[in-house]
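Geometric and topological summary
Spelled out from the first residue to the last, the chains are:
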Amino acid sequence: MVSHADGGHEHVHAAPTGWIRKYIFSLDHKVIGIQYFLLALFSVFLGMTLSVLMRMHLVWPGLHLPFIAGGVMTPEQYLALLTMHGTIMVFMVLTTAPQSGFGNYFLPIQIGAADMAFPVLNMLSFWTTFVSLVVMVCAFFVEEGAPISGWTAYTPLSALGKIVGPGQGAGQTLWVIGLAIFCAASLMGALNFITTLIDLRAPGLSLMRMPLTCWAWFLTAILGLLAFGVLLAACALLLLDRVAGTSFFIPGGLVVTDQVISNHSGGSPLLWQHLFWFFGHPEVYIAILPGMGVASHVLSTFSRKPVFGYRAMVYAMCGIGFLGFCVWGHHMFISGMSPYSAFAFSIMTMTIGVPSAIKTFNWLGTLWGGKIHFTTAMMFALGFVSLFVTGGLSGLFLAQPSVDLPLHDTYFVVAHFHLIMGVAAIFGIFSATYFWFPKMFGKFMNETVGKIHFWLTFAGVYCIFMPMHFLGIAGHMRRYADLTGVPYLMQGPHSLWSVQYFISIAAFITIGAQLLFLGNLIAGLWGGKKAEMNPWNATTLEWIIPSPPPHDNFAGQIPTVYRGAYEFSVPGEAQDFILQSTPPVEVERSHR
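Residue numbers restart at each chain and count upward from 1, following the sequence in its written direction. In view of the model being predicted, local features appear only for residues whose pLDDT reaches at least 70, and side-chain atom pairs are presented and counted only at 80 or more, with totals across whole chains, interfaces and linings using the full set of residues. Only hydrogens and water are set aside; all other atoms, that is, all heavy atoms of the structure, feed into the side-chain values.

1. Quick look at the overall build of the chain
Where we set the bar: Starting at the N terminus, helices and strands are each numbered in turn, a helix being any DSSP run of H or I of at least four residues and a strand any DSSP run of E of at least two. C-alpha atoms define the radius of gyration in this analysis, and the globule rule sets the expected value at 2.2 Å times the number of residues to the power 0.38. When accessible area is computed with a 1.4 Å probe and restricted to protein chains, residues below 20% of their type maximum are described as buried, those above 50% as exposed, and intermediate ones as partly exposed. In these tables, accessible area is a Shrake-Rupley quantity obtained with a 1.4 Å probe, and a residue counts as shielded only by the protein chains included in the view. For the purpose of charge, His is not counted, nor are the chain termini; Lys and Arg are scored as positive and Asp and Glu as negative. The atom standing in for a charge is NZ when the residue is Lys, CZ when it is Arg, CG when it is Asp and CD when it is Glu.
Of regular secondary structure, the chain possesses 18 helices and 2 strands. For 592 residues, the compact-globule formula gives about 25 Å, and the C-alpha radius of gyration of the chain, at 24 Å, lands near that figure. Here the chain holds 592 residues, and the buried ones make up 58% of them. For the chain, the accessible surface area stands at approximately 22800 Å², while carbon and sulfur atoms represent 70% of it. Placing the 23 positive and 23 negative side-chain charges of the chain at their respective mean positions leaves the two points 9 Å apart.

2. Side note on the pattern of salt bridges
Operational definition: Counted as salt bridges are all cases of a side-chain nitrogen of Lys or Arg within 4 Å of a carboxyl oxygen of Asp or Glu.
Taken as a whole and assessed by the stated rule, the structure comprises 4 salt bridges. The shortest N-O distance in the salt bridge between Arg 304 and Asp 576 comes to 2.9 Å. Here Arg 304, found in the loop between α8 (269-303) and α9 (310-323), pairs with Asp 576, found in the loop between α17 (497-527) and α18 (584-591); they are 272 residues apart in sequence, far enough to count as distant. A salt bridge links Glu 567 to Arg 563, with the nearest nitrogen and oxygen atoms 3.4 Å apart. In this structure Arg 563 comes out as buried when scored by relative accessible area, which is 9%.

3. What to know about a nonpolar patch on the surface
Quick reminder of the rule: Residues forming no salt bridge and having over 30% relative accessible area are the ones grouped into patches, like charges within 9 Å of each other and nonpolar side chains (Val, Leu, Ile, Met, Phe, Trp, Tyr) within 5 Å.
Judged by side-chain polarity, Trp 60, Leu 63, Ile 452, Leu 456, Tyr 501, Ile 505, Ile 509 and Leu 516 come together as a nonpolar surface patch covering roughly 630 Å² of accessible area. Among the elements of the structure, α15 (447-473) and α17 are those that each provide at least two residues to the nonpolar patch.

4. Thoughts on the packing of aromatic side chains
The condition is simple: What counts as a ring pair is set by centres within 6.5 Å for rings of Phe, Tyr and Trp (its six-membered ring), and what kind of pair is set by the plane angle: stacked under 30 degrees, edge-to-face over 60, tilted for all other angles.
Enumeration according to the criterion identifies 52 aromatic pairs in this entry. On the numbers, 5.1 Å between centres and 45° between planes, the contact of Phe 25 with Trp 127 is tilted. Taken as a pair, Phe 25 in the loop between α1 (19-24) and α2 (29-59) and Trp 127 in helix α5 (residues 119-138) lie far apart in primary sequence, 102 residues in all. You can call Phe 25 partly exposed: its relative accessible area is 39%. On the basis of an interplanar angle of 35° and a centroid distance of 6.0 Å, the ring pair of Trp 217 and Trp 436 is categorised as tilted. With Trp 217 in helix α7 (residues 212-243) and Trp 436 in helix α14 (residues 411-441), this pair connects stretches of sequence that are 219 residues apart.

5. Observations regarding the packing of helix α12 (residues 376-398) against α14
Geometry of a packed helix pair, given as the angle between the helix axes and the separation of the axes. Note the threshold: Axes, fitted as lines to C-alpha atoms, cover a helix only where it is in contact. Angles between the N-to-C directions of the axes lie from 0 to 180 degrees. Angles below 35 degrees are treated as roughly parallel, those above 145 as roughly antiparallel, those between 65 and 115 as roughly perpendicular, and all remaining angles as oblique. For any pair of crossing helices, the crossing counts as left-handed if the nearer helix is rotated counterclockwise from the farther one by less than a right angle, and right-handed if it is rotated clockwise. In this classification, Asp, Glu, Lys and Arg are treated as charged, Ala, Val, Leu, Ile, Met, Phe, Trp, Tyr, Cys and Pro as nonpolar, and every other residue, Gly included, as polar.
It is the contact of α12 with α14, at a shortest axis distance of 8 Å, that shows an interaxial angle of 160°. The angle between α12 and α14 places the two elements in the roughly antiparallel class. Seen from above, α12 lies across α14 with left-handed handedness. Looking at the contact of α12 with α14 residue by residue, the class counts come to 18 nonpolar, 10 polar and no charged.

6. Some remarks on the packing of α2 against helix α4 (residues 96-110)
Note the cut-off: We call two residues in contact whenever any of their non-hydrogen atoms come within 4.5 Å of each other.
Running from N to C, α2 and α4 point in directions that differ by 165°, and their axes come no closer than 8 Å. On the basis of their axis angle, the class for α2 and α4 is roughly antiparallel. As for how α2 packs across α4, the hand of that crossing is left-handed. From α2, His 29, Lys 30, Ile 32, Gly 33, Ile 34, Tyr 36, Phe 37, Leu 39 and Ala 40 reach across to α4, where they touch Thr 96, Ala 97, Ser 100, Gly 101, Phe 102, Asn 104, Tyr 105, Pro 108 and Ile 109. A breakdown of the residues in the contact of α2 with α4 according to their chemical character gives 11 nonpolar, 6 polar and 1 charged.

7. Let's talk about α4
In an α-helix, one turn spans 3.6 residues; hence positions three or four apart end up facing the same way. To be explicit about the condition: The span you would expect from a helix comes to 1.5 Å times its residue count less one. Here the bend at a residue is taken as the angle between two axes, fitted respectively to the seven residues that end there and the seven that start there.
For α4, spanning 15 residues, the distance from its first C-alpha to its last is 19 Å, which sits close to the expected 21 Å at 1.5 Å a residue. Remark: the principal bend of α4, roughly 55°, maps to Gly 103. Positioned one or two residues after α4, Gly 112 has a phi angle of 85°, which is positive.

8. Brief notes about the nonpolar core
What tends to happen in soluble globular proteins is that the nonpolar side chains get buried as a cluster. Condition: As used in this record, nonpolar core signifies buried Ala, Val, Leu, Ile, Met, Phe, Trp, Tyr and Cys residues forming a set joined through side-chain atoms within 4.5 Å.
Core analysis: the biggest nonpolar cluster contains 180 residues, and Phe 91, Phe 102, Leu 212, Trp 215, Phe 384, Phe 427 and Trp 436 have the highest contact counts within it. At 19 residues, α14 tops the list of elements feeding residues into this core. Leaving out residues up to four positions away in the same chain, Leu 212 has contacts with Gly 293, Ser 296, Val 307, Tyr 310, Met 313, Val 314, Met 317 and Tyr 566.

9. Some thoughts on the environment of Ile 32
Relative to the helices and strands, Ile 32 is located in helix α2. The spatial distance from the C-alpha of Ile 32 to the C-alpha of Phe 397 is 41 Å, given a sequence separation of 365 residues. Beyond its immediate sequence surroundings of up to four residues, Ile 32 is in contact with Ser 26, Leu 27, Asn 104, Pro 119, Asn 122, Met 123 and Phe 126.

10. Points about unusual backbone geometry
That bond from Thr 155 to Pro 156 is cis: its omega, 5°, falls within 30 degrees of zero. Cis geometry marks the peptide bond from Ser 547 to Pro 548; its omega dihedral reads -5°. Turning to its location among the elements, Pro 548 is positioned in the loop between α17 and α18. Look at Ala 555: it is not a glycine, yet its phi comes out positive at around 50°. Relative to the helices and strands, Ala 555 resides in the loop between α17 and α18.

11. Section: α5
The terminal C-alpha atoms of α5, which comprises 20 residues, lie 29 Å apart, in line with the 28 Å expected from a rise of 1.5 Å per residue. All of the buried residues in α5 are Pro 119, Asn 122, Met 123, Ser 125, Phe 126, Thr 129, Ser 132, Leu 133, Val 135, Met 136 and Val 137. The inward-facing, buried residues of α5 contact α1, α2, α3 (75-94), α4 and α6 (170-199).

12. Here we look at the environment of Leu 289
Take Leu 289: it is sitting in helix α8. Overall, the relative accessible area of 0% leaves Leu 289 in the buried class. Spatially, the C-alpha atoms of Leu 289 and Tyr 310 are 15 Å apart, while their sequence positions differ by 21 residues. Among all residues touching Leu 289, those that are not within four sequence positions of it are Ala 216, Leu 219, Thr 220, Leu 223 and Met 317.

13. Things to note about the side chain of Gln 110
Short version of the rule: Under this definition, polar contacts are N or O atom pairs within 3.5 Å; protein pairs additionally need one hydrogen-donor-capable and one acceptor-capable atom, and for neighbouring residues in sequence, both atoms have to be side-chain atoms.
With respect to the helices, strands and loops of the structure, Gln 110 is situated in helix α4. Judged by its relative accessible area of 0%, Gln 110 falls in the buried class. A distance of 2.5 Å separates a polar atom in the side chain of Gln 110 from a polar atom in the side chain of Thr 213. A distance of 3.0 Å separates polar atoms of two side chains, one belonging to Gln 110 and the other to Glu 542. Not counting chain neighbours up to four residues away, the residues in contact with Gln 110 comprise Leu 205, Pro 211, Thr 213, Cys 214, Trp 217, His 297, Trp 436, Thr 540, Leu 541 and Glu 542.

What follows is the structure, given as structure tokens:
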């Protein structure tokens, strides 16, 4: 592959002539990005539907529910919904939308390329992801239904087969296969992202002139390349344990429902935990790093100020990426690990707060003294910062082994990872959608509806997840399907049922608010106000081409970059922004 900087030109595929080649099996990175976005959009509504059913069962355990065999949900059915909710949200939404969706669409444009480095591999990556989703969803429809082992699929529960419970037969096997397919798709995408950014940057676009979004997508791709390979290997070993009689994760001497498991011995359930969490903690940053890039980009644009401490932001993201591979053991404090190992993981976990704090203070520095425009995209970026800080603060408690031991299996952990990994990343997705929708489709979404959507969602997620911290401190265990059999939770003057009821009502309202977003998205596509080329007066390369962009982005004229990505409010300039592609001579003329 030859870089633009070396004067070469990457292979540009011809514009498609048929509908199927243009919209289904497309090689255009922009179409593929939209396909990923739509896949994530379907997945997030599926995941929210599962959470509604779980919430309804928690507060009204005898309620007859739709789509539930027998009408009244059993504990096994609750765990199946929990497993699939977590899996779909983590992999098909949080991993897919910010990186594969927006990254695919805007990385090539922001670095001045006509397409991704490997367009065919890009197409294969999407359709492999689609197949993985189909395989996972099929687990709902096989005999005994979806697996009950949780999204982490801890062994030996996930390894022994249907003897251990409903859903652990064909449903668990489909789950493992679907996850392995997703890992393969993610590895293809990661290779494509890394190659594209290294080889296809426009002339003049050095690494330290790149938008922070590009840095985020680049580092996320590196994390994915290193992490998903480990998870793929773990899935292969788990599948062999299930269907080929091996014993990688199954120890000897197990007794299940009064039956001795005699055909397995020598395996280690903790090996699965190590492999899964070596992937799992970098996965947190695979989900959140693109949101960090989007938040930095949007905060600078609507503060009309350069990013405060650009190089520090880059180094902080690199530090987060590196340290993310050094802290997986804090998920395993209760596994009986050596106190010395726990101490080491605790220190590393606290250390990762340093680059996170640097980013937070730099976001505040970007805002300080700026001419802030409270667009919907800006409000979601501010919400991202708020949720990232709130979720991160609860992580300080869980980083201490002595505190994590009593809190680990409670709602405190549910609240923590939903705020830091789930909702914060979702706010990054929303910010990106409202910010780039005019560029992607040439139309605006409705700003008034968008702000109503923001306030309902922002207030809603705090009403859902802040009380969960208190539930955890009070000893409310997670993954309990029915609280009626737990007297200390349901009875007496300090009953926690009312808290669960409040959380459920808040969840129903917040999920309902997402229909506003869906309606706004559809209305914007069909009848939104027409957007000009650069409606936000932004500086990066996507704003120098028409909206929506043409097939080959720059019509064969690769731009030259003369400056950094965030030149706002430059003293003496007629406008408060300078595009990256504006030559110095034009800037000099503006001074005359």
